[in-house]
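# Secondary and tertiary structure notes
Given next are the chains, with one letter for each unit.
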Amino acid sequence: MVESNLIVVSNRLPFTLTREEDGSLRRVPSAGGLVTAVAPVLIQSKGTWIGWPGRGLTPADQIPDSEPADTSPAAGLEASQVVPVHLTEEDFSLYYNGCCNATFWPLFHSMPDRAVFEETFWDAYIRVNKLFAIAILNKLRSLDKDSDKIPVIWIHDYHLMVAASTVRQVAEEEGLLCKIGYFLHIPFPPWDMIKIFPWHDHILQGILGCDLVGFHLQDYCLNFVECCRRGLGCRVDRTGSLVEHAGRTLRIRALPISIPFQRFEELAREAPDSNWNNLQVILGIDRLDYTKGLVNRFRSFERLLCDYPEYHGKIVLLQVAVPSRTDVKEYQELKEQIDQLVGRINGRFST
């Protein structure tokens, strides 16, 4: 296989690994927009994916190839294209459940009252980001130095916001050529939110270790540019979405990711008739997460049925809620609250 110069880096690998009774490992496809959007590109270019392989695995474990019947987006990703980053249970808990999901997740969604600020969380976040940076640098060193293609490192999401600065520093010291891109899959908050985080300057400097930074929306780009100006004193160009830092000029761009529309259209055409000819269906598909507004959605639907009884038997809310972070107490309580709401609404209005 001809090795590509594309290196994709994310918190998790694009599949989970389960151990069989005989001790062997089996790949299980992962759900999520990142895998759906990025895996086909990486497979086609024969690049490398760096990520955490999951709990209970050691460096001695060999990553298996996908099952022959696997048709998921990551099915064509060969074991040789995967670089696992192993974490201790303590580091994973403090970094992932702590800093990423108890601090950054609510803060970046502008819910500071839910954010938890702990120095132990932040210390673990720095340690894990350095482990990922080491894996990136090792891969970078192994690539063909005579190739005329400059390696492209593509780092993803809020789990790895400071890895790029380490990669940049070491790569420059060792003369390793590379281009670093970063994409944030969640909102980037305004300055009034980001400044609440005690180490916000490290976050901004970490992201500024890249050459190109991408966000979903132009508003998030403007938020980031303004945070760099106010938090670090960087020279910025708001019109051109440019930031100057450490003698370099970074491009900040809105690069929204969409769904594979043609595939969904094809599935809709092939789907059997539901026979719901006289029924209006409201379909919702979300992760089970407090940022999705599911509780308010159900309460609004209940209010609709209560205030407009003429809709009884004529409209249905079909909500697909994918379980998420089931080991976190807050998410367990959210599921219980939604289960109670669904039971109450169905008990009161079902026909």
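First, a word on what this report is: a plain description of the structure on this page. (Residues numbered from 1 in each chain as written. Predicted model: local features only at pLDDT ≥ 70, side-chain atom pairs only at ≥ 80, totals over all residues. Heavy atoms only, no water.)

## A short note on the environment of valine 83
Turning to its location among the elements, valine 83 is positioned in strand β5 (residues 82–84). Taking the C-alpha atoms as reference points, valine 83 and alanine 135, 52 residues apart in sequence, are found 7.6 Å from one another. Once residues within four sequence positions are removed from consideration, valine 83 is found in contact with Leu13, Thr48, Trp49, Ile50, Gly51 and Ala135. (Helix = DSSP H or I, 4+ residues; strand = E, 2+ residues; numbered from the N terminus. Contact = heavy atoms within 4.5 Å.)

## With respect to the environment of aspartate 219
Mapped onto the fold, aspartate 219 is located in helix α7 (residues 218–232). Classification of aspartate 219 by relative accessible area gives exposed; the value is 52%. The sequence separation of aspartate 219 and threonine 58 amounts to 161 residues, and the corresponding C-alpha distance is 42 Å. (Buried < 20%, exposed > 50% of the residue type's maximum accessible area, 1.4 Å probe, protein only.)

## Quick notes on the nonpolar core
Counting 83 residues, the largest nonpolar core has Phe104, Tyr125, Ile153 and Phe188 as its most contacted members. Apart from residues lying up to four places away in sequence, phenylalanine 104 is in contact with Cys99, Trp122, Tyr125, Tyr158, Met161, Phe197 and Ile203. (Core = buried A, V, L, I, M, F, W, Y, C linked by side-chain atoms within 4.5 Å.)

## Focus on the side chain of histidine 156
Tracing the chain through its elements places histidine 156 in strand β6 (residues 152–156). Note on histidine 156: relative accessible area 1%, which makes it buried. Polar contacts involving the side chain of histidine 156 include one to the side chain of histidine 185, which spans 2.9 Å. If we skip the residues at most four places from it in the chain, histidine 156 touches Val8, Val9, Ser10, Leu34, Val38, Tyr182, Phe183 and His185. (Polar contact = N/O pair within 3.5 Å; in protein donor to acceptor, adjacent residues only side chain to side chain.)

## Comments concerning empty space enclosed by the protein
Inspection of the entire model under this criterion finds 1 cavity of 30 Å³ or more. Pro14, Phe15, Arg27, Val28, Pro29, Asp70, Ser72, Ala74 and Ala75 together form the lining of the largest cavity. If one sorts the elements of the lining of the largest cavity by residue count, strand β3 (residues 25–29) sits on top with 3 residues. (1 Å grid on protein atoms, 1.4 Å probe; cavity = no way out; pocket = protein on both sides within 12 Å on 5 of 7 lines; lining within 4 Å. Points joined across faces, edges and corners; volume = space filled by probe spheres on them.)

## Re helix α1 (residues 33–45)
Between its terminal C-alpha atoms α1 stretches 19 Å, which fits the 18 Å expected from 13 residues at 1.5 Å a residue. When the local axis directions of α1 are compared, the greatest deviation, roughly 30°, occurs at alanine 39, which is followed within four positions by the proline proline 40. For α1, the full list of buried residues reads Val35, Val38, Ala39 and Leu42. In the segment just after α1, lysine 46 is the residue with positive phi, at about 60°. (Expected span 1.5 Å × (residues − 1). Bend = angle between axes of the 7 residues up to and from the residue.)

## Some thoughts on the packing of aromatic side chains
Each aromatic ring pair is described using two quantities: the centre-to-centre distance and the angle formed by the ring planes. Throughout the structure, instances matching the rule amount to 18 aromatic pairs. When the centroid spacing of 5.0 Å and the interplanar angle of 15° are considered together, the rings of phenylalanine 92 and tyrosine 96 count as stacked. Taken together, the residues span about one helical turn, with phenylalanine 92 and tyrosine 96 both in helix α2 (residues 89–108) at a distance of 4 residues. Here phenylalanine 92 matches tyrosine 96 in class, with each residue buried. (Phe/Tyr/Trp six-rings, centres within 6.5 Å; stacked < 30°, edge-to-face > 60°.)

## Here we look at the pairing of strand β8 (residues 212–215)
The pairing of strand β7 (residues 179–183) with β8 spans 3 bridges and is parallel. Note on β8: the bridge partner recorded for tyrosine 182 is valine 213. With 4 bridges joining them, β8 and strand β11 (residues 248–254) adopt parallel strand pairing. Across the sheet, the residue bridging to leucine 212 is arginine 251, located in β11. (Pairing = 2+ DSSP bridges.)

## Remarks on the layout of surface pockets
Volume-wise, the second largest pocket comes out at about 480 Å³. Contributing to the lining of the second largest pocket are 23 residues, with Phe301, Val316, Leu317, Val342 and Asn346 lying nearest its centre. For the lining of the second largest pocket, the secondary-structure elements that each account for two or more residues are α9 (294–307), β13 (315–322) and α10 (329–349). It is α10 that provides the largest number of residues to the lining of the second largest pocket, a total of 7 residues. Class assignment of the residues belonging to the lining of the second largest pocket gives a composition of 15 nonpolar, 6 polar and 2 charged. (Nonpolar A, V, L, I, M, F, W, Y, C, P; charged D, E, K, R; others polar.)

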